[in-house]
Amino acid sequence: MTGFGRGVAEHAGVRATVDLRSVNHRFLDLKLRAQIAPSLEDQLATKIRGSVERGSISVAVNIVRPPTASSVRIDEGAAQRAHEALRSLATTLGVAPPDLALVLAQPGVVATTDSAEEPEAADAAILGALDQALAQLQAMRAAEGRALERELLARLDELAKLRGAIEGQAAGVAEQLQQKLRERLARLIGDAAVDPARLAQEVALLAERADITEELVRLDSHLEQARTIAKGATASGRKLDFLVQEIGRELNTIGSKSQRTEISAAIVEAKSVLEKMREQVQNVE
């Protein structure tokens, strides 16, 4: 499922911005773009996995730190060495000896040190921003989920209607088989007598092979389960993915047993609807 979330939080003067972007993926794939400690990275991953089960999630972290207080340190030994070298050079050149400003300007004489920043401040700001970003991301994904629910329920209604049409067509299969067998025998043996018992036996065998009652019962069960899951409030993508496969399996079996063109046509249409449903299920959390 797609979505975007941004969170901004500040702690002890450290300001953190976390951006989350989610696109469709069969599994959970985290991509973190930030220079942070491994321990904090684990905390971010744990929080995200606790809220998201499927999707490719990109995480971007930006940190703005306050100006740090600096202290100046003078290396007296380096200053003396620099002064001696400059004074010797001035004597050789016959110019005035070096002043203090020139000595201080030499590399290594003056150094500045920044006060150490406490890492807890940045960590707290990042985690706070992540919570906000996750809330926004989940809100967008929830809105998309409601739209997907309506779409999936509409597809399930189409499949249920097609199942009913197939069941109606299957009701007259035995009579159709008997009529076809009589016509075939008439072409082969003409007006010769046919044993009614043997004819009934052959018709029963053909009808048994073409019987799709079990498949229709299982198909009805799968459709009802899918409808219940689609209306549920918990993550259901993997369950729906499994049921789509099972629905497809029953449709294939019915199609292979089909003895009527009307049933074959309904199976083709049902597979088309199921394929659309399969594409949408990949987007479900």
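Because the structure is predicted, anything quoted here is derived from the model rather than measured.

Thresholds, definitions, all that
Residues numbered from 1 in each chain as written. Predicted model: local features only at pLDDT ≥ 70, side-chain atom pairs only at ≥ 80, totals over all residues. Heavy atoms only, no water. Helix = DSSP H or I, 4+ residues; strand = E, 2+ residues; numbered from the N terminus. Buried < 20%, exposed > 50% of the residue type's maximum accessible area, 1.4 Å probe, protein only. Contact = heavy atoms within 4.5 Å. Areas by Shrake-Rupley, 256 points an atom, 1.4 Å probe, with all protein chains shown as cover. Pairing = 2+ DSSP bridges. Axes fitted to C-alpha atoms, helices over the stretch in contact; angles between N-to-C directions. Parallel < 35°, antiparallel > 145°, perpendicular 65-115°, else oblique. Left-handed = near helix turned anticlockwise from the far one by under 90°. Nonpolar A, V, L, I, M, F, W, Y, C, P; charged D, E, K, R; others polar. Salt bridge = Lys/Arg side-chain N within 4 Å of Asp/Glu carboxyl O. Polar contact = N/O pair within 3.5 Å; in protein donor to acceptor, adjacent residues only side chain to side chain. Expected span 1.5 Å × (residues − 1). Arc of directions from axis to C-beta.

Caption draft 1: Region of the structure containing the overall build of the protein chain. Of regular secondary structure, the protein chain possesses nine helices and six strands. When each of the 285 residues of the protein chain is scored for burial, the buried share is 33%. A fraction of 79% describes how many contacts in the protein chain between residues 6 or more apart in sequence connect residues 24 or more apart. Per element, the accessible surface of the protein chain, about 16,800 Å² overall, is 53% carbon and sulfur.

Caption draft 2: Molecular detail of the sheet that holds strand β1 (residues 3-11). Across the sheet, which stays open at both edges, the four strands sit in the order β1-β2-β4-β3 with mixed pairing between neighbours. If you trace the sheet from one side to the other, it starts and ends with β1 and β3 (28-33), each paired once. Neighbour-to-neighbour, the strand axes of this sheet turn through a mean angle of 15 degrees, independent of strand direction. The pairing of strand β2 (residues 14-23) with strand β4 (residues 55-64) spans nine bridges and is antiparallel. In the strand pairing of β4, S22 is matched with I57. Contacts from helix α1 (residues 38-51) reach β2, β3 and β4, with the element oriented near 145 degrees to β3.

Caption draft 3: Representation of the packing of helix α7 (residues 213-231) against helix α8 (residues 237-257) in the model. At their nearest, the axes of α7 and α8 sit 10 Å apart, and the two run at 160 degrees to each other. It follows that α7 is roughly antiparallel to α8 by the angle criterion. In the packing of α7 onto α8, the handedness of the crossing is left-handed. On the side of α7, the interface is formed by E215, L216, R218, L219, H222, L223, Q225, A226, I229 and A230, while α8 contributes K239, L240, L243, E246, I247, E250, L251, T253, I254 and K257. A class-by-class count of the residues in the contact of α7 with α8 yields 11 nonpolar, three polar and six charged.

Caption draft 4: Expanded view of the pairing of β4. With seven of its 10 residues buried, β4 lies for the most part within the structure. Across six bridges, β3 lies against β4 in parallel orientation. For R33, the partnering residue across the bridge sits in β4 and is A60.

Caption draft 5: Looking closely at the pattern of salt bridges. Counted under the stated rule, the structure contains 15 salt bridges. One salt bridge in this structure joins K31 and D29, with 4.0 Å as the shortest N-O distance. Taking relative accessible area as the criterion, K31 reaches 43% and is therefore assigned partly exposed. The salt bridge partner of K257 is E215, with a shortest N-O separation of 3.1 Å. Of this pair, K257 sits in helix α8 while E215 sits in helix α7, placing them 42 residues apart in sequence. Note on K257: relative accessible area 23%, which makes it partly exposed. What you see here is one network of salt bridges that share partners, running through E214, E215, R218, E250 and K257.

Caption draft 6: Spotlight on the side chain of E215. Given a relative accessible area of 5%, E215 falls into the buried group. Within polar-contact distance, the side chain of E215 engages the side chain of K257 at 3.1 Å. Among residues more than four places away in sequence, those in contact with E215 are E250, T253, I254 and K257.

Caption draft 7: Looking closely at helix α9 (residues 261-281). The end-to-end C-alpha separation of α9 is 30 Å, in line with the 30 Å expected for 21 residues at 1.5 Å each. Along α9, the positions that sit buried rather than exposed are I263, A266, I267, A270, V273, L274, M277 and V281. In an axial view of α9, the angular spread of the buried residues amounts to 135 degrees, which keeps them on one side of the axis. Across α9 from its buried face, at more than 90 degrees, point the exposed residues T261, V268 and E279.

Caption draft 8: Structural context of α1. Compared with an ideal rise of 1.5 Å per residue, which puts 14 residues at 20 Å, α1 spans 20 Å between its outermost C-alpha atoms and is within 8% of the ideal. When we look at burial in α1, the residues that qualify are L40, L44, A45 and I48. Across the axial projection of α1, the buried residues extend over an arc of 140 degrees, all falling on one side. Of the residues in α1, the exposed ones pointing more than 90 degrees away from the buried face are P38, D42, T46, R49 and G50.

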